[in-house]
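What the coordinates show
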Amino acid sequence: SAGEFDAPSTKLAKGFVEGAGFATPLVVVAQPDEQALIRSFRNLERVAVVAPGDLEVAAVVWARSLLVTEGALPVVTGRAQ
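Residues numbered from 1 in each chain as written. Predicted model: local features only at pLDDT ≥ 70, side-chain atom pairs only at ≥ 80, totals over all residues. Heavy atoms only, no water.

**Some remarks on the pairing of strand β2 (residues 47-50)**
Strand direction decides the pairing type here: strand β1 (residues 26-29) and β2, joined by four bridges, are parallel. Looking at the pairing, valine 27 lines up with alanine 48 of β2. (Pairing = 2+ DSSP bridges. Helix = DSSP H or I, 4+ residues; strand = E, 2+ residues; numbered from the N terminus.)

**Brief notes about the side chain of serine 40**
As for its position among the elements, serine 40 is in helix α2 (residues 35-41). We classify serine 40 as buried; its relative accessible area is 0%. A polar atom in the side chain of serine 40 sits 2.7 Å from the backbone oxygen of alanine 36. In contact with serine 40, other than residues within four places in its own chain, are Phe5, Ala7, Pro8, Ser9, Thr10 and Ala13. (Buried < 20%, exposed > 50% of the residue type's maximum accessible area, 1.4 Å probe, protein only. Polar contact = N/O pair within 3.5 Å; in protein donor to acceptor, adjacent residues only side chain to side chain. Contact = heavy atoms within 4.5 Å.)

**A few points about the nonpolar core**
One finds Phe5, Leu26, Val28, Leu37, Phe41, Leu44 and Val47 to be the most contacted residues of the largest nonpolar core, which totals 13 residues. Those elements that place two or more of their residues in this core are α1 (10-20), β1 and α2. Excluding anything up to four places from it in sequence, valine 28 contacts Leu37, Phe41, Val47, Ala48, Val49, Val50 and Leu67. With seven residues, the next largest nonpolar core counts Val27, Val50, Ala63 and Ala72 among its residues. (Core = buried A, V, L, I, M, F, W, Y, C linked by side-chain atoms within 4.5 Å.)

**With respect to the packing of aromatic side chains**
Using the criterion set out here, one finds three aromatic pairs in the structure. Ring geometry for phenylalanine 5 against phenylalanine 41: centres 5.4 Å apart, planes inclined by 55°, an arrangement best described as tilted. Remark: phenylalanine 41 occurs in helix α2 and phenylalanine 5 occurs in the segment before α1; sequence separation between them is 36 residues. Looking at phenylalanine 5, the relative accessible area reads 5%, which means it is buried. An aromatic cluster is built from Phe5, Phe16, Phe22 and Phe41, whose rings are joined through pairwise contacts. (Phe/Tyr/Trp six-rings, centres within 6.5 Å; stacked < 30°, edge-to-face > 60°.)

**Structural notes on the environment of phenylalanine 22**
Within the secondary structure layout, phenylalanine 22 lies in the loop between α1 and β1. Put simply, phenylalanine 22 and arginine 64 are 42 residues apart on the chain and 8.1 Å apart in space, counted from C-alpha to C-alpha. If we ignore the near neighbours within four places in the chain, the residues touching phenylalanine 22 are Phe16, Val17, Ser65, Leu66 and Leu67.

**What to know about unusual backbone geometry**
The omega torsion across threonine 24 and proline 25 is 5°, close enough to zero to call that bond cis. With respect to the helices, strands and loops of the structure, proline 25 is situated in the loop between α1 and β1. The residue arginine 46 is not glycine, and still its phi comes out positive at about 60°. For arginine 46, the position within the fold is in the loop between α2 and β2. Overall, the relative accessible area of 44% leaves arginine 46 in the partly exposed class.

Structure representation (structure tokens):
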């Protein structure tokens, strides 16, 4: 969860991706106010971090995995409807 990322930690993000079994390329969708999480994931290889309002079909097609934070989920589902 985003709450695990109280401070930026690329090491924690890498461990999360590996532990959860996410395949790369991975798209992480997070709200702009989730800065610790964004900074944690943005430096990982083959990982793209986008705001829910910036999520495009091309990014979803590119990705083998999609990780959407709880804060971003309502925006993503609202746009999909």
